[in-house]
Each structure stands twice: as structure tokens, then as C-alpha cells.
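# Architecture and fold: a report
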Amino acid sequence: MIQYFRGQKGRIFAVESHQLFSTDDLSKIDWLFGNPLPPEQQLEGTFIGPRKEMITPWSTNAVEISQNMGIEGIIRIEELTDSAVTDIQPDKMLQTKYVNPGQDIFTIVHPPEAIQEITDIAEYNKKEG
């Protein structure tokens, strides 16, 4: 389950967890993100955030901090930026745009490519650029 918490200056925190949070956990999360608003299940608009295929080091640290605070069940926390608030363009290697993100923001839907056997690495490098 994904819950979105609005922060300051167009920052959104997407929190993936195993279950709904208790009121005690929500008060800890509100303190952590500096947000008095209730979490949302779906967002409207366009947001810039890390690619879903990559768990960022920021997320790893944020999850560990939440565990040290006694909040159980958090799998991943990522920070998104509202594109209406900033003029930053996403770095295509690390970030992507999310339009109306919902519960599938971290779901990867494309199957892995078939394994290729490479016999000539120089030729392969030329072909792949």
C-alpha cells in the first residue's frame, strides 16, 4: 500500500508499507515530514521522482530512520517534487515524471529481456554504442 504525505515547498513523500498506520505511527510520520495533513492514496498532477526501478540511498536512510522511531512495516520511502512548484527537469538516468501517481507508483510491469550470449565483446560494444 502506498500513502502520500505532503511536505513543504511542493515535496511529496511516497511511503510504501505493509499495512495502514496506527494513529501513533501517523503522528510520528507527521513529525518526521513536518506535515499536519492526512495521507492521500492518489495524487493529482505531475511529479518528478526517482525511477521506480531504483531504490535510492535516500530511501534506504529514510526507512532506517523510521524503524529507529518505532514505525513498523515501511518498505520504501521516496521523495517526489510537484512539477508545478519547480522548473527542474528530471535527470533521465535517475528520475522520471509521474502523472497522477497512485498505488502502482513502484510497480514494474515490463518483463526482463532475454539473456544474450556475447562471443565478441568489441562487436557487441560497437552495436550497442
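Here's a quick rundown of the structure. All values reported here derive from a predicted model rather than from experimental measurement.

Its place among the elements puts Ala-122 in helix H3 (residues 121-128). With 110 residues separating them along the chain, Ala-122 and Ile-12 place their C-alpha atoms 45 Å apart.

This next bit is on the environment of Thr-60. For Thr-60, the location among the structural elements is in helix H2 (residues 57-68). The spacing of Thr-60 and Met-1 is 59 residues in sequence and 18 Å in space, taken between C-alpha atoms.

On to the nonpolar core. Listed in full, the 11 residues of the largest apolar core are Phe-5, Phe-13, Val-15, Phe-21, Ile-29, Phe-33, Ala-62, Val-63, Ile-71, Ile-74 and Ile-77. Here Phe-21 is in contact with Gln-3, Phe-5, Val-15, Leu-26, Ile-29, Ile-71, Glu-72 and Ile-74, once residues within four sequence places are set aside. Ranked by size, the runner-up nonpolar core spans 10 residues in total, among them Leu-43, Leu-80, Tyr-98 and Ile-105.

Bringing the sheet that holds strand E2 (residues 11-17) into the picture now. With respect to topology, 5 strands assemble into an open sheet ordered E1-E2-E4-E3-E5, the strand pairing being antiparallel. Two strands lie at the open edges of the sheet, namely strand E1 (2-6) and strand E5 (95-99), each paired on one side alone. With direction set aside, neighbouring strand axes in the sheet form an average angle of 30°. Packing of H2 onto the sheet brings it into contact with E2 and strand E4 (74-82), and relative to E4 it is tilted by some 125°.

Rules used in this analysis
- Residues numbered from 1 in each chain as written.
- Predicted model: local features only at pLDDT ≥ 70, side-chain atom pairs only at ≥ 80, totals over all residues.
- Heavy atoms only, no water.
- Helix = DSSP H or I, 4+ residues; strand = E, 2+ residues; numbered from the N terminus.
- Core = buried A, V, L, I, M, F, W, Y, C linked by side-chain atoms within 4.5 Å.
- Buried < 20%, exposed > 50% of the residue type's maximum accessible area, 1.4 Å probe, protein only.
- Contact = heavy atoms within 4.5 Å.
- Pairing = 2+ DSSP bridges.
- Axes fitted to C-alpha atoms, helices over the stretch in contact; angles between N-to-C directions.

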